[in-house]
Amino acid sequence: MVKLNRDIINLFENQGCVIVATIDSNSMPHTSCKGMIKIEETGRVYLLDAYHGQTFKNLKQNPSASVTAFNEHKFQGFCLKGKARLIHKDELTQSMVKSWEDRITGRLTQRLLKNIREGKGHRGHPEASLPKPKYMIVLEVEEVIDLTPSHLK
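What counts and what doesn't
Residues numbered from 1 in each chain as written. Predicted model: local features only at pLDDT ≥ 70, side-chain atom pairs only at ≥ 80, totals over all residues. Heavy atoms only, no water. Salt bridge = Lys/Arg side-chain N within 4 Å of Asp/Glu carboxyl O. Helix = DSSP H or I, 4+ residues; strand = E, 2+ residues; numbered from the N terminus. Buried < 20%, exposed > 50% of the residue type's maximum accessible area, 1.4 Å probe, protein only. Pairing = 2+ DSSP bridges. Axes fitted to C-alpha atoms, helices over the stretch in contact; angles between N-to-C directions. Contact = heavy atoms within 4.5 Å. Phe/Tyr/Trp six-rings, centres within 6.5 Å; stacked < 30°, edge-to-face > 60°. Lys NZ or Arg CZ within 6 Å of the ring centre and 35° of its normal. Arc of directions from axis to C-beta. Polar contact = N/O pair within 3.5 Å; in protein donor to acceptor, adjacent residues only side chain to side chain. Core = buried A, V, L, I, M, F, W, Y, C linked by side-chain atoms within 4.5 Å.

A. Examining the pattern of salt bridges more closely. Using the criterion set out here, one finds 6 salt bridges in the structure. A salt bridge links K3 to E41, with the shortest nitrogen-to-oxygen separation between them at 3.2 Å. Of this pair, K3 sits in the segment before α1 (6–13) while E41 is found in the loop between β2 (29–39) and β3 (44–49), placing the two residues 38 residues apart along the sequence. Look at K3 and you get exposed, because its relative accessible area is 60%. A cluster of three or more residues bridged by salt bridges with shared partners is formed by R44, R85 and E140.

Rendered as C-alpha coordinates:
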(Lines give C-alpha, C1' and ligand atoms only; values in the text may rest on other atoms or scores of the structure.)
Protein backbone atom coordinates (compact mmCIF):
# COMPACT_ATOMS: atom_id res chain seq x y z
CA MET A 1 0.00 0.00 0.00
CA VAL A 2 0.98 3.60 -0.59
CA LYS A 3 1.09 6.09 2.26
CA LEU A 4 -1.28 9.03 1.71
CA ASN A 5 -0.35 12.63 2.50
CA ARG A 6 -2.49 15.20 4.31
CA ASP A 7 -3.58 16.95 1.05
CA ILE A 8 -5.08 13.70 -0.24
CA ILE A 9 -6.72 12.83 3.07
CA ASN A 10 -8.23 16.30 3.49
CA LEU A 11 -9.67 16.34 -0.02
CA PHE A 12 -11.28 12.91 0.34
CA GLU A 13 -12.58 13.59 3.86
CA ASN A 14 -14.41 16.66 2.56
CA GLN A 15 -16.27 14.75 -0.15
CA GLY A 16 -19.88 13.70 0.26
CA CYS A 17 -19.33 11.09 -2.39
CA VAL A 18 -16.52 9.98 -4.67
CA ILE A 19 -16.33 8.42 -8.13
CA VAL A 20 -15.47 4.71 -8.15
CA ALA A 21 -14.27 3.11 -11.37
CA THR A 22 -14.34 -0.64 -11.94
CA ILE A 23 -14.00 -2.94 -14.94
CA ASP A 24 -16.97 -4.97 -16.19
CA SER A 25 -17.02 -8.46 -17.74
CA ASN A 26 -16.49 -6.95 -21.21
CA SER A 27 -13.34 -5.13 -20.02
CA MET A 28 -15.19 -1.83 -20.22
CA PRO A 29 -14.95 0.84 -17.51
CA HIS A 30 -17.88 1.48 -15.20
CA THR A 31 -18.13 4.49 -12.87
CA SER A 32 -20.51 5.29 -10.04
CA CYS A 33 -20.83 7.52 -7.00
CA LYS A 34 -20.21 5.91 -3.61
CA GLY A 35 -20.40 7.20 -0.08
CA MET A 36 -17.06 8.13 1.45
CA ILE A 37 -16.66 6.87 5.02
CA LYS A 38 -13.02 6.99 5.98
CA ILE A 39 -9.53 7.31 4.56
CA GLU A 40 -6.35 6.29 6.36
CA GLU A 41 -2.82 7.58 5.97
CA THR A 42 -1.73 3.95 5.61
CA GLY A 43 -3.47 3.80 2.21
CA ARG A 44 -6.93 2.39 2.88
CA VAL A 45 -10.15 3.99 1.67
CA TYR A 46 -13.53 2.89 3.07
CA LEU A 47 -16.72 3.35 1.04
CA LEU A 48 -20.27 2.20 1.65
CA ASP A 49 -22.64 1.20 -1.12
CA ALA A 50 -26.41 1.17 -0.75
CA TYR A 51 -26.94 -1.13 -3.73
CA HIS A 52 -25.80 -4.51 -5.06
CA GLY A 53 -25.44 -3.14 -8.57
CA GLN A 54 -22.81 -3.15 -11.29
CA THR A 55 -19.94 -2.02 -9.03
CA PHE A 56 -20.53 -5.00 -6.74
CA LYS A 57 -20.65 -7.44 -9.67
CA ASN A 58 -17.51 -5.97 -11.20
CA LEU A 59 -15.51 -6.10 -7.97
CA LYS A 60 -16.48 -9.73 -7.38
CA GLN A 61 -14.90 -10.56 -10.78
CA ASN A 62 -11.98 -8.15 -10.70
CA PRO A 63 -10.77 -6.28 -7.59
CA SER A 64 -8.96 -3.58 -9.58
CA ALA A 65 -10.56 -0.19 -8.95
CA SER A 66 -9.93 3.50 -8.60
CA VAL A 67 -11.50 6.18 -6.44
CA THR A 68 -11.47 9.79 -7.63
CA ALA A 69 -12.22 13.00 -5.77
CA PHE A 70 -11.85 16.57 -6.95
CA ASN A 71 -12.52 20.09 -5.84
CA GLU A 72 -13.54 22.09 -8.89
CA HIS A 73 -13.19 25.41 -7.07
CA LYS A 74 -9.57 24.73 -5.99
CA PHE A 75 -8.75 22.93 -9.25
CA GLN A 76 -7.39 20.02 -7.21
CA GLY A 77 -8.01 16.28 -7.41
CA PHE A 78 -6.59 12.82 -6.89
CA CYS A 79 -7.22 9.39 -8.34
CA LEU A 80 -6.35 6.49 -6.04
CA LYS A 81 -5.79 3.16 -7.80
CA GLY A 82 -5.63 -0.21 -6.13
CA LYS A 83 -7.32 -3.46 -5.18
CA ALA A 84 -10.69 -3.58 -3.45
CA ARG A 85 -12.15 -6.00 -0.92
CA LEU A 86 -15.87 -6.40 -0.32
CA ILE A 87 -17.18 -6.51 3.25
CA HIS A 88 -20.74 -7.81 3.72
CA LYS A 89 -23.18 -5.59 5.65
CA ASP A 90 -23.35 -8.14 8.50
CA GLU A 91 -19.64 -7.56 9.12
CA LEU A 92 -19.91 -3.76 9.32
CA THR A 93 -19.26 -2.22 12.70
CA GLN A 94 -21.85 0.05 14.26
CA SER A 95 -19.36 2.94 14.07
CA MET A 96 -19.01 2.51 10.28
CA VAL A 97 -22.78 2.57 9.78
CA LYS A 98 -23.05 5.59 12.12
CA SER A 99 -20.33 7.38 10.13
CA TRP A 100 -22.31 6.76 6.92
CA GLU A 101 -25.53 8.02 8.54
CA ASP A 102 -23.72 11.14 9.80
CA ARG A 103 -22.35 11.85 6.33
CA ILE A 104 -25.79 11.40 4.76
CA THR A 105 -27.28 13.78 7.33
CA GLY A 106 -24.52 16.31 6.57
CA ARG A 107 -25.13 16.06 2.82
CA LEU A 108 -28.86 16.50 3.35
CA THR A 109 -28.27 19.55 5.54
CA GLN A 110 -25.89 21.10 3.01
CA ARG A 111 -28.40 20.50 0.20
CA LEU A 112 -31.20 22.15 2.20
CA LEU A 113 -29.06 25.18 3.05
CA LYS A 114 -27.88 25.57 -0.54
CA ASN A 115 -31.46 25.28 -1.81
CA ILE A 116 -32.57 27.99 0.62
CA ARG A 117 -29.67 30.31 -0.32
CA GLU A 118 -29.90 29.78 -4.05
CA GLY A 119 -33.61 29.03 -4.39
CA LYS A 120 -33.02 26.03 -6.62
CA GLY A 121 -31.94 22.45 -6.54
CA HIS A 122 -33.62 19.09 -6.24
CA ARG A 123 -37.21 19.35 -5.00
CA GLY A 124 -36.89 16.16 -3.02
CA HIS A 125 -34.21 15.02 -0.64
CA PRO A 126 -32.47 12.10 -2.42
CA GLU A 127 -30.19 11.30 0.52
CA ALA A 128 -33.16 10.74 2.83
CA SER A 129 -34.49 7.97 0.56
CA LEU A 130 -31.25 5.99 0.24
CA PRO A 131 -31.48 2.45 1.60
CA LYS A 132 -29.13 1.21 4.31
CA PRO A 133 -25.68 0.16 3.03
CA LYS A 134 -25.50 -3.33 1.50
CA TYR A 135 -21.72 -3.70 1.73
CA MET A 136 -18.47 -1.84 2.21
CA ILE A 137 -15.64 -1.44 -0.27
CA VAL A 138 -12.14 -1.27 1.19
CA LEU A 139 -9.62 -0.04 -1.37
CA GLU A 140 -5.96 -0.67 -0.66
CA VAL A 141 -4.19 2.08 -2.58
CA GLU A 142 -1.27 1.06 -4.80
CA GLU A 143 -0.89 4.26 -6.84
CA VAL A 144 -1.82 7.92 -6.47
CA ILE A 145 -2.44 10.14 -9.49
CA ASP A 146 -2.41 13.89 -8.78
CA LEU A 147 -4.99 15.42 -11.12
CA THR A 148 -3.88 19.01 -10.45
CA PRO A 149 -2.22 20.45 -13.55
CA SER A 150 1.54 20.72 -12.96
CA HIS A 151 1.66 24.45 -13.71
CA LEU A 152 -0.84 25.07 -10.85
CA LYS A 153 1.05 23.15 -8.14
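From this point, things continue past the structure.
B. Seen up close, the sheet that holds β3. Sheet architecture is closed into a barrel: 6 strands sit in the order β1-β2-β3-β6-β5-β4, paired in antiparallel fashion. Going across the sheet, the axis of each strand differs from the next one's by a mean of 45 degrees, ignoring polarity.

C. Structural view of the side chain of K34. Mapping K34 onto the fold places it in strand β2. By relative accessible area, K34 is classed as buried at 8%. Look past the residues within four positions of K34 in its chain and what remains in contact with it is C17, V18, V20, L47, L48, D49 and T55.

D. Highlighting the packing of aromatic side chains. A complete count under the given rule lists 1 aromatic pair for this structure. Here the basic side chain of K38 rests over the ring of Y46, its NZ or CZ set 5.2 Å away from the ring centre.

E. Structural context of helix α2 (residues 54–61). For α2, the set of buried residues is T55, F56, N58 and L59. Looking straight down α2, one finds that the buried residues subtend no more than 165 degrees of arc, so they occupy a single side. Facing away from the buried side of α2 by more than 90 degrees, the exposed set consists of K60 and Q61. Packing partners of the buried residues in α2 comprise β1 (17–23), β2, β3, β4 (64–71), β5 (76–88) and β6 (135–146).

F. Geometry of α1. Within α1, burial applies to I8, I9, L11 and F12. For α1, the angular spread of the buried residues around the axis is 165 degrees, confining them to a single face. Against the buried residues of α1 lie β1, β2, β4, β5 and β6. The N-terminus of α1 is capped by N5, whose side-chain oxygen sits 3.0 Å from the backbone nitrogen of D7.

G. Summary view of the nonpolar core. Counting residues in hydrophobic clusters, the biggest one holds 23 residues, and the most contacted among them are F12, V18, I39, V45, L47, L80 and L139. Counting residues per element, the ones that place at least two in this core are α1, β1, β2, β3, α2, β4, β5 and β6. Residues contacting F12, with those up to four places away along its chain left out, are V18, M36, I39, V67, T68, A69, F78 and L80. By size, the runner-up hydrophobic cluster in this structure holds 9 residues, among which are I37, Y46, I87 and M136.

H. Inspection of unusual backbone geometry at higher detail. Although it is not a glycine, S27 adopts a positive phi angle of roughly 65 degrees. Looking at the secondary structure, you find S27 in the loop between β1 and β2. Residue S27 is classed as exposed on the basis of its relative accessible area, which comes to 60%. Not every positive phi belongs to a glycine, and F75 is a case in point at roughly 55 degrees.

I. Quick peek at the pairing of β3. The buried fraction of β3 is high, at 5 of 6 residues. Examined bridge by bridge, β2 and β3 share 4 bridges and lie antiparallel to one another. Considered in β3, the bridge of M36 is made with L47. The antiparallel pairing of β2 with β3 creates a hairpin that spans 4 residues between the two strands, and G43 there sits at a positive phi of about 105 degrees. Here β3 runs beside β6; their pairing, made up of 6 bridges, is antiparallel. Bridge assignment links L48 to a residue of β6, and that residue is M136.

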